[in-house]
Amino acid sequence: ICPLLDARKQEVYTALFRGDEGQVVRLTEDVLTSIVGALSHIRKQNGAPLRYIADGAKVNKKIIIRDVGIAAPLLSGGDGSVAAQVADLAEARFCARQCDDVGSLRPVYLRLSEAEEKFRKTHLTC
């Protein structure tokens, strides 16, 4: 499974996962890169067929098909939004009576926010 989240600025957030008996197993760490960089990274890490999901797959559909071929499986759950896909995963876990310790969940930031970037440009230039 290859989620491609549109990070704007012609970039995507991505990682690779494998579905294993109803569980999702992480294969790589999260990365922020261009779609071309993501596809190159994916080729190096994986030889198995992939399912591309999330809004970044939809936004970059032509590039993915050009790189992978017309058979590139581009899937979206629900309305195709990340929120809908997270809700689908949460529902499946809830129905299976699985839960997470939400207190242990931490956000992963791969780049500065727009406000932080602007601050650095205006206040930290030498």
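Structural notes, computed from the coordinates. Computed from a predicted model, the values in this text were never measured in an experiment. (Residues numbered from 1 in each chain as written. Predicted model: local features only at pLDDT ≥ 70, side-chain atom pairs only at ≥ 80, totals over all residues. Heavy atoms only, no water.)

Across its full length, the protein carries five helices and seven strands. In the protein, the succession of helices and strands from N to C terminus is β-β-β-β-β-α-β-α-α-β-α-α. The burial tally for the protein puts 22% of its 126 residues in the buried class. Contacts spanning at least 24 positions in sequence make up 46% of the contacts within the protein whose residues lie at least 6 apart. Accessible surface for the protein amounts to roughly 9,300 Å². Of this, 56% is attributable to carbon and sulfur atoms. (Helix = DSSP H or I, 4+ residues; strand = E, 2+ residues; numbered from the N terminus. Buried < 20%, exposed > 50% of the residue type's maximum accessible area, 1.4 Å probe, protein only. Contact = heavy atoms within 4.5 Å. Areas by Shrake-Rupley, 256 points an atom, 1.4 Å probe, with all protein chains shown as cover.)

Another aspect to go through is the side chain of Asn60. Here Asn60 shows up in the loop between helix H2 (55-59) and helix H3 (61-68). When its relative accessible area of 12% is taken as the criterion, Asn60 is described as buried. Among the polar contacts listed, one links the side chain of Asn60 to the backbone oxygen of Gly56, at a separation of 2.8 Å. In contact with Asn60, not counting residues within four places along its chain, are Val12 and Ile35. (Polar contact = N/O pair within 3.5 Å; in protein donor to acceptor, adjacent residues only side chain to side chain.)

Let's shift gears to the pairing of strand S1 (residues 2-8). The element S1 is extensively covered by neighbouring structure, given that five of its seven residues are classed as buried. Two strands pair when backbone bridges link them, and S1 and strand S6 (residues 52-53) are joined in this way by two bridges, in the parallel orientation. Looking at the pairing, Pro3 lines up with Ile53 of S6. In the sheet, S1 pairs with strand S2 (residues 11-14) via four bridges, with the strands oriented antiparallel. Note that in S2 the partner of Leu5 across the bridge is Tyr13. The antiparallel pairing of S1 with S2 creates a hairpin that spans two residues between the two strands, and Lys9 there sits at a positive phi of about 50°. (Pairing = 2+ DSSP bridges.)

Here we come to the packing of helix H1 (residues 35-45) against H3. Two elements in contact, H1 and H3, have axes separated by 10 Å at closest approach and are oriented at 35°. In this structure, H1 crosses over H3, and the sense of that crossing is right-handed. Facing H1, whose interface residues are Ile35, Leu39 and Arg43, H3 presents Ile63, Ile64, Asp67 and Val68. Taken together, the residues of the contact of H1 with H3 sort by class into five nonpolar, no polar and two charged. (Axes fitted to C-alpha atoms, helices over the stretch in contact; angles between N-to-C directions. Left-handed = near helix turned anticlockwise from the far one by under 90°. Nonpolar A, V, L, I, M, F, W, Y, C, P; charged D, E, K, R; others polar.)

Looking now at unusual backbone geometry. You will see that Lys9, though not glycine, has its phi angle at about 50°, which is positive. Along the chain, Lys9 turns up in the loop between S1 and S2. The backbone of Arg97 shows a phi angle near 60°, a positive value even though the residue is not glycine. With a relative accessible area of 79%, Arg97 lands in the exposed category.

With 12 residues, the main nonpolar core is built from Cys2, Leu4, Val12, Leu16, Ile35, Ala38, Leu39, Ile42, Leu50, Tyr52, Ala57 and Ile64. Those elements giving two or more residues to this core turn out to be S1 and H1. For this core, the leading source of residues is H1, giving four residues. For Ala57, the contacting residues outside a window of four places in its chain are Leu4, Tyr52, Ile64 and Leu74. (Core = buried A, V, L, I, M, F, W, Y, C linked by side-chain atoms within 4.5 Å.)

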